[in-house]
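Examining the three-dimensional arrangement
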Amino acid sequence: KMARQFFVGGNFKMNGVKESITSIVKNLNAAKLDSTTEVVISPPALYLTLTRELADPKIGVAAQNVFDKPNGAFTGEISVEQLADSNINWVVIGHSERRVILKETDEFIARKTKAAIEGGLSVIFCIGETLEEREANKTIDVVTRQLNAAAKELSKEQWDKVVIAYEPVWAIGTGKVATTEQAQEVHAAIRQWLGASVSAEAQANVRIIYGGSVSEKNCRELAQKEDVDGFLVGGASLKPAFVDIINARI
Ligand code: PEP
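Residues numbered from 1 in each chain as written. Predicted model: local features only at pLDDT ≥ 70, side-chain atom pairs only at ≥ 80, totals over all residues.

Under the annotation held in an unreviewed UniProt entry, the protein chain carries the name Triosephosphate isomerase and is attributed to Penicillium frequentans. Heading Catalytic activity (unreviewed entry) of the UniProt record for the protein chain holds this comment: "D-glyceraldehyde 3-phosphate = dihydroxyacetone phosphate". (UniProt positions renumbered as here; feature names shortened; annotations may be inferred.)

Remarks on the overall build of the protein chain
Tallying secondary structure elements over the protein chain gives eleven helices and eight strands in all. In terms of overall dimensions, the protein chain is globule-like: its C-alpha atoms have a radius of gyration of 17 Å, near the 18 Å expected for 250 residues. Along the first, second and third principal axes, the C-alpha set of the protein chain runs to 45 × 45 × 35 Å. Here the protein chain, with 250 residues, has 43% of them falling under the buried criterion. (Helix = DSSP H or I, 4+ residues; strand = E, 2+ residues; numbered from the N terminus. Rg over C-alpha atoms; globule rule 2.2 N^0.38 Å. Buried ≥ 20, exposed ≤ 12 C-beta atoms within 10 Å, placed from the backbone.)

Some points on the site of the ligand
Around the ligand lies a shell of 14 residues, among which Ile172, Gly173, Gly211, Gly234 and Gly235 are the nearest. Grouping the constituent residues of the shell around the ligand by class yields five nonpolar, seven polar and two charged. (Near = placed C-beta within 6 Å. Nonpolar A, V, L, I, M, F, W, Y, C, P; charged D, E, K, R; others polar.)

Details of helix H8 (residues 180-197)
For H8, spanning 18 residues, the distance from its first C-alpha to its last is 25 Å, which sits close to the expected 26 Å at 1.5 Å a residue. Inspection of H8 places Ala183, Val186, His187, Ile190 and Leu194 among the buried residues, and these make up the whole buried set. Taken end-on, H8 shows its buried residues confined to a sector of 100°, consistent with a single buried face. Along H8, exposed side chains directed more than 90 degrees from the buried face belong to Glu181 and Ala196. Packing partners of the buried residues in H8 comprise helix H7 (139-153), strand E6 (162-166), helix H9 (200-205), strand E7 (208-211) and helix H10 (219-223). (Expected span 1.5 Å × (residues − 1). Arc of directions from axis to C-beta. Contact = placed C-beta atoms within 7 Å.)

What about the sheet that holds strand E8 (residues 230-233)?
Paired through their backbone hydrogen bonds, the strands of a sheet run either parallel or antiparallel. Pairing is parallel around the closed barrel formed by eight strands, whose spatial order is E1-E2-E3-E4-E5-E6-E7-E8. When strand polarity is set aside, the average angle formed by the axes of neighbouring strands in this sheet is 25°. Sheet topology note: the strand E2 (residues 38-42)/strand E3 (residues 60-63) ladder contains two bridges and is parallel. Paired with Val40 across the strands is Gly60, a residue of E3. (Pairing = 2+ DSSP bridges. Axes fitted to C-alpha atoms, helices over the stretch in contact; angles between N-to-C directions.)

With respect to unusual backbone geometry
Not every positive phi belongs to a glycine, and Lys103 is a case in point at roughly 60°. Summarising the element assignment, Lys103 is placed in the loop between helix H4 (96-100) and helix H5 (106-118). When the 8 C-beta atoms within 10 Å are taken as the criterion, Lys103 is described as exposed. Unlike most non-glycine residues, Ser213 shows phi in positive territory, near 60°. Relative to the elements of secondary structure, Ser213 occurs in the loop between E7 and H10.

Below, the structure written as structure tokens:
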């Protein structure tokens, strides 16, 4: 675990306007952040360049989505090249809100991940089960299916550009955080999958972060778990408490 740099992402979702996003970024710039934690924030697409210009260079910026084709007649979409050209080096792919509300498939998400990495971006690759799937004991099957789709597209080396975000759908935006044991159990299974399906290097080095109602109150206990390498934070990333989550290990 020591070898893996702790990673905290902030997903603003469809929240904020120029004024509020400017104030969030300025607060982060001024805060004392654990220098050993990698921090990446993800504002709505319209504010990516504003955020990149304002944020301290040590803070990464991620798009919340990208398209899998390089260019062309795809009204409303944004390409990998356009993100890279705007100095946006990260992208969140496969967030459950896009899987569930926008009906994105495992295969589409895997193709976007491939396109992003080929175009030089790093990817926060989101997976996770619904409440129904958990109650039917299908959690590991579901995350394995989601990971296998990506493994079909990516070369083994390309996994070093991936951070896996395990986000149980029932915990996202609900205030219902997974227990530390529930998170660790799935993270350990994902790490085992990396060893079996990708490589020993990926098993040792790929960060697996937890998302789903992470707060300044529950982050410290989660951060201590062997296979929890950080967090993807939604609601709390809009608040000053985000700094406490970034600093969960100090
Ligand atoms: C998310 O959007 O990735 C997320 C985990 O949301 P929240 O922290 O609000 O549950």
